[in-house]
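# Chains, contacts and geometry: an overview
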Amino acid sequence: MNPYYRGARFLISAATPAQAPPDEGLEVAFAGRSNAGKSSAINALCDQKALAKTAKTPGRTRLLNFFALDGQCRLVDLPGYGFARVPEAVKRQWEKSMLDYLSKRRALQGLILVMDIRHPLKELDLQLLDWAAHSGLETHILLTKADKLSHGAAGNSLHQTRRALGRADYTGVSVQLFSALRHQGIEEAHAKLDGWLKKKGPVS
Ligand code: GDP
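Residues numbered from 1 in each chain as written. Predicted model: local features only at pLDDT ≥ 70, side-chain atom pairs only at ≥ 80, totals over all residues. Heavy atoms only, no water.

## What about the sheet that holds strand β3 (residues 64–68)?
Read from one edge to the other, the open sheet built from seven strands follows the order β1-β3-β4-β2-β5-β6-β7, with strand pairing classed as mixed. Here the strands that pair on one side only, and so sit at the sheet edges, are β1 (9–14) and β7 (174–177). Looking at each pair of strands side by side, their axes are set apart by 25° on average, direction ignored. As defined by bridge partners, β3 adjoins strand β4 (residues 73–77) across four bridges and the pair is classed as antiparallel. Each residue of the ladder has a partner; that of phenylalanine 67, found in β4, is leucine 75. Against the sheet, helix α5 (residues 151–167) contacts β5 (108–116), β6 (139–144) and β7, and its axis sits at roughly 170° relative to β7. (Pairing = 2+ DSSP bridges. Helix = DSSP H or I, 4+ residues; strand = E, 2+ residues; numbered from the N terminus. Axes fitted to C-alpha atoms, helices over the stretch in contact; angles between N-to-C directions. Contact = heavy atoms within 4.5 Å.)

Right under this line is the structure:
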């Protein structure tokens with residue numbers, strides 16, 4: 001396990017971008033539909049059981065949660081989107097704080113988009129990809145819960161997703177298989193984060 005990511009610690013929750021830590025250093029944000037497996041992915045990448053709260057306490061899910069890796073680098077857990085039972089006005093407010101953060105944050109180096117491998121590229125995922133492409137924000141997709149499919153089916157889904165991204169002209173978007181449950185794809189995801197956070201490799 002990479003000790004750099006294991007050292008992640010909770011920094012602050014921000015209800016609005018104004019409450020975020022100073023816009024300095026380097027950040028990578030995590031986004032995804034609610035229930036896609038985003039919290040589990042963050043926990044697995046940091047080898048901690050409860051860094052990102054998997055329990056869905058209604059208040060917390062609207063917040064941007066910042067985790068410090070060191071004095072310079074942070075991971076940011078963005079509010080999950082696509083909740084079924086949330087009023088439109090509240091949904092729009094979430095979207096607004098997320099897009100505000102994504103569009104204005106100078107520290108932001110890249111976006112990790114977490115998608116359940118069984119339900120990839122839903123409408124809101126596509127909207128976010130579209131928006132990130134237009135903003136020149138590099139994006140890496142984790143097709144998570146890969147353990148729910150056979151090896152062959154997971155590989156097929158990876159291939160189909162890559163093809164769909166290519167067809168939609170999201171050619172700069174990378175994608176990989178991931179499973180928080182099986183700890184699959186951790187090193188590949190770390191390598192992506194290392195690149196964005198300008199780490200040369202595991203710090204020993
Ligand atoms: P979030 O809403 O995107 O943060 O999703 P969570 O991380 O809370 O996960 C939603 C549900 O999917 C929970 O019941 C998790 O236990 C389950 N889950 C998350 N990741 C995996 C995985 O890699 N494999 C399996 N089998 N289940 C997972």
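## Overview of the packing of aromatic side chains
Under the counting rule described, the total for this entry stands at three aromatic pairs. Where tyrosine 4 meets tyrosine 5, the ring centres are 5.1 Å apart and the plane angle is 80°; that geometry is what we call edge-to-face. Look at tyrosine 5 and you get buried, because its relative accessible area is 0%. For the pair phenylalanine 10 and phenylalanine 67, a centre-to-centre distance of 5.9 Å together with 65° between the ring planes defines the contact as edge-to-face. Pair noted here: phenylalanine 10 is in strand β1 and phenylalanine 67 is in strand β3, with a separation of 57 residues, a long-range link. (Phe/Tyr/Trp six-rings, centres within 6.5 Å; stacked < 30°, edge-to-face > 60°. Buried < 20%, exposed > 50% of the residue type's maximum accessible area, 1.4 Å probe, protein only.)

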